[in-house]
Amino acid sequence: MLPSLTLVLGGAASGKSSYAEELAERASRTRLYLATAHAGDDEMAAKIAAHRARRGDGWDTVEAPLDPAPALAAAKSGVVLFDCATMWLSNHLMADHDIEMETGNLLAALSACPAPVIVVSNELGLSIVPENALARRFRQAQGELNQCLARQAGLVVFVAAGLPMAMKGALP
């Protein structure tokens with residue numbers, strides 16, 4: 001049984017999405033995948049295709065690059081996988097949206113969702129200080145978003161080298 005909000009953190013290619021998918025598959029036969037990525041180039045299109053192929057059948061997918069609230073509100077049963085908060089934040093940052101307001105909207109939508117939600121997010125704070133202002137702004141905003149999500153979550157899992165470690169709550 002999953003709490004109303006689970007946060008799965010990890011670095012790039014750490015196995016966090018695969019782990020989150022496994023959690024969702026064990027939790028329910030009714031699964032909604034909220035996708036936040038844009039296929040802006042061939043590399044990203046290939047990554048999206050690989051994620052879809054790995055998930056296979058049994059998932060409904062909604063593209064929610066900026067506003068997941070309607071899909072979260074409509075998820076009356078099963079489990080929702082929001083993958084990922086990092087792409088969602090990047091989309092808002094690149095559109096020059098009010099990050100604080102958008103974060104508040106996201107947290108409210110997650111809290112109001114009738115189904116359990118698993119949020120995947122990148123942990124960026126373990127790397128070097130970026131050399132440019134935009135990258136530093138993004139890293140700061142991502143760290144703040146992860147802290148907000150972690151405070152709200154009943155379960156926080158850090159994935160490194162494909163291995164999940166509970167940071168808050170107990171692994172199911």
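The preceding data block contains the structure.
No experiment lies behind these values; they were computed from the predicted model shown.

### Points about the sheet that holds strand β4 (residues 79-83)
Hydrogen bonding along the main chain pairs the strands of a sheet, whether they run parallel or antiparallel.
Then, in step 1: With mixed pairing, the seven strands of this open sheet are ordered in space as β3-β2-β4-β5-β1-β6-β7. Bordering the open sheet on either side are β3 (59-63) and β7 (163-168), each of which pairs with just one other strand. Shown here is a sheet whose adjacent strand axes are inclined to one another by a mean of 20 degrees, direction ignored.
Then, in step 2: Where strand β6 (residues 155-160) and β7 come together, five bridges link them in antiparallel fashion. Note that in β7 the partner of V156 across the bridge is K168.

### Considering the packing of helix α4 (residues 85-94) against helix α5 (residues 99-112)
Then, in step 1: Across the interface, α4 lies against α5 with an axial gap of 10 Å and an inter-helix angle of 145 degrees. Crossing angle aside, the handedness with which α4 passes α5 is right-handed. Packed against α4, whose contacting residues are W88, L89, H92 and L93, the element α5 presents I99, E102, T103 and L106 at the interface.
Then, in step 2: Along the lines of polarity and charge, the residues of the contact of α4 with α5 split into five nonpolar, two polar and one charged.

What counts as what
Residues numbered from 1 in each chain as written. Predicted model: local features only at pLDDT ≥ 70, side-chain atom pairs only at ≥ 80, totals over all residues. Heavy atoms only, no water. Pairing = 2+ DSSP bridges. Helix = DSSP H or I, 4+ residues; strand = E, 2+ residues; numbered from the N terminus. Axes fitted to C-alpha atoms, helices over the stretch in contact; angles between N-to-C directions. Left-handed = near helix turned anticlockwise from the far one by under 90°. Contact = heavy atoms within 4.5 Å. Nonpolar A, V, L, I, M, F, W, Y, C, P; charged D, E, K, R; others polar.

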